[in-house]
There are 2 protein chains.
Amino acid sequence: MTADPSARRGIPDATVARLPEYLRALTGFAERGITSVSSEELAAASGVRSAKLRKDLSHLGSYGVRGVGYEVDHLAYQISRELGLTQDWPVAIVGMGNLGHALAAYSGFATRGFRVVALLDQDEALHGQQIAGLPVRPMDTLDALVAEEGLAIGVIATPAGSAQDVCDQLVAAGVSSILNFAPCVLVVPDGVDVRKVDLSTELQILAFHEQRKALASAALGPVAKGVAK
Amino acid sequence: MTADPSARRGIPDATVARLPEYLRALTGFAERGITSVSSEELAAASGVRSAKLRKDLSHLGSYGVRGVGYEVDHLAYQISRELGLTQDWPVAIVGMGNLGHALAAYSGFATRGFRVVALLDQDEALHGQQIAGLPVRPMDTLDALVAEEGLAIGVIATPAGSAQDVCDQLVAAGVSSILNFAPCVLVVPDGVDVRKVDLSTELQILAFHEQRKALASAALGPVAKGVAK
DNA sequence: ACGCTTTTGTGAACGAATGCACAAAGTCAC
DNA sequence: GTGACTTTGTGCATTCGTTCACAAAAGCGT
Ligand SMILES: NC(=O)c1ccc[n+]([C@@H]2O[C@H](COP(=O)([O-])OP(=O)(O)OC[C@H]3O[C@@H](n4cnc5c(N)ncnc54)[C@H](O)[C@@H]3O)[C@@H](O)[C@H]2O)c1
Ligand SMILES: NC(=O)c1ccc[n+]([C@@H]2O[C@H](COP(=O)([O-])OP(=O)(O)OC[C@H]3O[C@@H](n4cnc5c(N)ncnc54)[C@H](O)[C@@H]3O)[C@@H](O)[C@H]2O)c1
């Protein structure tokens, strides 16, 4: 029976991808001292339609009050719990170049249960060097990190040519979630999740739409400078 | 009639999002001197199924040869053209903090027609300072950049609190595509595209799946250490 | 106590994306 | 030239995601 409220096995991927945004919006409301929001308000702050928001939230249970809305703190807690943010997630960053430095210094990790426990690099010249309060370690310390710190999430910030190799090392050590900044596809065994953050892809998608806009306005008169339609 | 081969108005968003990956894979083949690939090979290199690849490519025309495959250079050109990469796209980066520095130094822009023409920041102490060969400029030079360089794409790397303000300035100056690294929702008028790159969101999605894996293996016996199922 | 207002939660319709399976269209060997 | 073989391009079924629209549920004022 799907009537069971705790039958929340299988939240759609599209919904999961939006939960962090809802959580951020809720945090914003909480900071401004707002204790209750309607689906309309929360949706506006999250950049989605209210119907979509309600359907998304309905997948994790019935935490709203009809005629009133949602209690900010309670909903934030429920989403956090669903996302697994009520526990601490140790993270390791591999590749201490330009991007690795910026990531290591980034405070955004800590704000949601993510804790950078190690910085790794192949380059021996970097070993022992302190970056943002942490020493750079050699790659062969990975096994110890998984065993001792419970490391489960790895971030790859090496050049694309090394990424698959680094990925294999992470997986061999027991890491089962990987965030990849290198512009390449990673092959992993079943049970390992990979997500890619790719600047270049995003720019190309923007360029596609930009070109379409340019062509559209050129078509309906080369004079028009403003926004088409 | 949809029989017209140039009736490629309206390529699905999902397809557009994958074109950059196909292009990257093709570049890889070209570098290794391979001049022809089958949909099966290209799909494998791109991390998709061949049926999906073929359907995607069919949206931009019929560039394959039955019984043989696709000519690498020609297909790469067609995808580039479709994405609007045969022209040069001037890009400006706003916010020269940790992330801005890494982006300015990043060579990945140049590899596909994207050219960083300006670095901007509100902080007067940074003005005139050279980063990766470019001087940091004040925000009020935006109008000139749009007029003189044809700037159409802006990258926001400021704190979330300033992002909407910066975004408004970019839009006011005439920028119509924005890549946002700040963890917040941007409100823009019609005709302006925004894409968000969000580290924190990606980590939270990984955490969700990681938690699910942990729960699953706990459920079928707390002893199991390996990958479930 | 009761009806009026507000807002949720969700069934049902719709639309987009994926995967399957195969006919059509080409190559290549001989 | 012909037939066997390979691989594309696509119609169709299916799955996934979004939008609509409203009944059910809760608060509130009187
Ligand atoms: N810099 C950016 O703004 C930016 C933006 C988007 C994506 N990226 C991507 O992120 C990755 C890193 O970029 P970057 O600019 O920091 O590069 P970088 O060359 O500055 O740094 C790469 C680092 O990785 C280390 N490394 C190389 N091979 C390794 C291995 N096998 N094991 C462990 N460490 C290894 C190197 O020692 C170096 O410290 C690249 O793939 C790049 O395309 C960078
Ligand atoms: N550092 C990272 O690895 C990282 C990763 C993901 C996302 N982010 C996000 O990227 C953004 C920048 O991060 P950062 O670490 O570089 O921050 P930062 O504080 O180091 O740099 C911010 C820069 O923006 C400038 N700035 C602030 N307000 C401005 C305005 N109104 N107009 C123009 N410039 C302005 C500041 O002068 C400063 O130079 C943040 O939103 C952060 O959440 C950073």
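Residues numbered from 1 in each chain as written. Chains lettered and ligands numbered in written order. Predicted model: local features only at pLDDT ≥ 70, side-chain atom pairs only at ≥ 80, totals over all residues. Heavy atoms only, no water.

Asks: Let's hear about the interface of chain B and chain A: which residues, and what values?
Replies: Each partner contributes residues to the interface: chain B has 60 residues there, and chain A has 60 residues. Buried surface at the junction of chain B and chain A, both sides included, amounts to about 5,600 Å², of which 64% is carbon and sulfur. Applying the counting criterion to the chain B and chain A interface returns eight salt bridges. Linking A:Lys196 and B:Glu21 is a salt bridge whose minimum nitrogen-to-oxygen distance equals 2.3 Å. Of all the secondary-structure elements, those providing two or more residues to the side of chain B that touches chain A are α1 (13-31), α2 (39-46), α4 (72-83), α5 (98-105), β9 (177-180), β10 (193-196) and α8 (199-219) of chain B. (Contact = heavy atoms within 4.5 Å. Buried area = accessible area lost by both parts, 1.4 Å probe. Salt bridge = Lys/Arg side-chain N within 4 Å of Asp/Glu carboxyl O. Helix = DSSP H or I, 4+ residues; strand = E, 2+ residues; numbered from the N terminus.)

Asks: Tell me about the UniProt feature "domain: CoA-binding" (unreviewed entry) in chain A, residues and numbers included.
Replies: The positions that UniProt labels "domain: CoA-binding" (unreviewed entry) are, in the present scheme, residues 84-185 of chain A. Span residues 84-185 of chain A is 29% helix and 26% strand, its end C-alpha atoms 26 Å apart. (UniProt positions renumbered as here; feature names shortened; annotations may be inferred.)

Asks: Would you mind going over the sheet that holds strand β4 (residues 89-94) of chain B in detail, with residue names and values included?
Replies: All names here are of chain B. Ordered in space as β6-β7-β5-β4-β8-β9-β10, the seven strands form an open sheet in which the pairing is mixed. Each end of this open sheet is capped by a strand with a single partner; those strands are β6 (130-131) and β10. In this sheet, strand β7 (residues 134-137) lies alongside strand β5 (residues 114-120) in parallel orientation, the contact comprising two bridges. Note that in β7 the partner of Leu120 across the bridge is Arg137. (Pairing = 2+ DSSP bridges.)

Asks: Please provide a residue-by-residue account of the site of ligand 2, values included.
Replies: The immediate surroundings of ligand 2 are formed by 24 residues, with A:Tyr106, B:Leu99, B:Asp121, B:Thr158 and B:Ser162 found nearest. Positioned at a junction of chains, ligand 2 has nearby residues supplied by chains A and B. B:Gln122 places a main-chain nitrogen or oxygen 3.2 Å from a nitrogen atom of ligand 2. Within the backbone of B:Thr158, one N or O atom sits 2.7 Å away from an oxygen atom of ligand 2. In isolation ligand 2 exposes 830 Å². Once the protein is present, 83% of that is buried. (Near = heavy atom within 4 Å. Polar contact = N/O pair within 3.5 Å; in protein donor to acceptor, adjacent residues only side chain to side chain. Areas by Shrake-Rupley, 256 points an atom, 1.4 Å probe, with all protein chains shown as cover.)

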